[in-house]
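# Fold and geometry: a report
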Amino acid sequence: MKTIILLFMFTTCVFLSHSQSTGYVDYHIEHDENSPMAETGTYQIMILSKKKQPVFTSEILYFIESKRKDDVDCLIHLSEYADVFIPSRKTINKEGFIPLEEITH
């Protein structure tokens, strides 16, 4: 009987944790003092709501740089309130690159 109850509890927990998945990224990543950080002007956080202002820690700069591609610009959905646009290294190093605003609404 205990086995059945434990199995039921485990199954319920797995189902609930799966149903609460948002599809958003966890931008907290392992880094050390040698890990590169994104520099201001090389990414753009787009705030999607005028009513909510998301808060990010400086760890997002490590995340952004870790997701930067050599040849492909990318857009990552951080939450229901914010996306981040990350231009590729090729785009940033191109002559005439204009630094991006850090945050837009």
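Scope of this entry: the structure provided in the associated data block. (Residues numbered from 1 in each chain as written. Predicted model: local features only at pLDDT ≥ 70, side-chain atom pairs only at ≥ 80, totals over all residues. Heavy atoms only, no water.)

### Topic: the nonpolar core
- One finds Y43, I45, I60, I64, I76 and V84 to be the most contacted residues of the largest nonpolar core, which totals 14 residues.
- Taken together, the elements giving at least two residues each to this core come down to strand 1 (44-47), helix 2 (59-67), strand 2 (74-79) and strand 3 (82-86). (Core = buried A, V, L, I, M, F, W, Y, C linked by side-chain atoms within 4.5 Å. Buried < 20%, exposed > 50% of the residue type's maximum accessible area, 1.4 Å probe, protein only. Helix = DSSP H or I, 4+ residues; strand = E, 2+ residues; numbered from the N terminus.)

### Quick word on helix 2
- Every buried residue belonging to helix 2 is among I60, L61, Y62, F63, I64 and E65, and all of these are buried.
- Buried residues along helix 2 sit against strand 1, strand 2, strand 3 and helix 3 (89-93). (Contact = heavy atoms within 4.5 Å.)

### Some points on the pairing of strand 3
- Among the five residues in strand 3, four count as buried, and that is most of the element.
- Of the strand pairs in this sheet, strand 1 and strand 3 are connected by four bridges, and their pairing is antiparallel. Pairing of Q44 across the sheet is with F85, part of strand 3.
- Here strand 2 runs beside strand 3; their pairing, made up of five bridges, is antiparallel. In the strand pairing of strand 3, L75 is matched with F85.
- Counting the residues between successive antiparallel strands, the hairpin from strand 2 to strand 3 contains two residues. (Pairing = 2+ DSSP bridges.)

### Section: the environment of H31
- Turning to its location among the elements, H31 is positioned in the loop between helix 1 (2-19) and strand 1.
- Judged by relative accessible area, H31 falls into the partly exposed class, the value being 32%.
- With 31 residues separating them in the primary sequence, H31 and Y62 have C-alpha atoms 7.2 Å apart.

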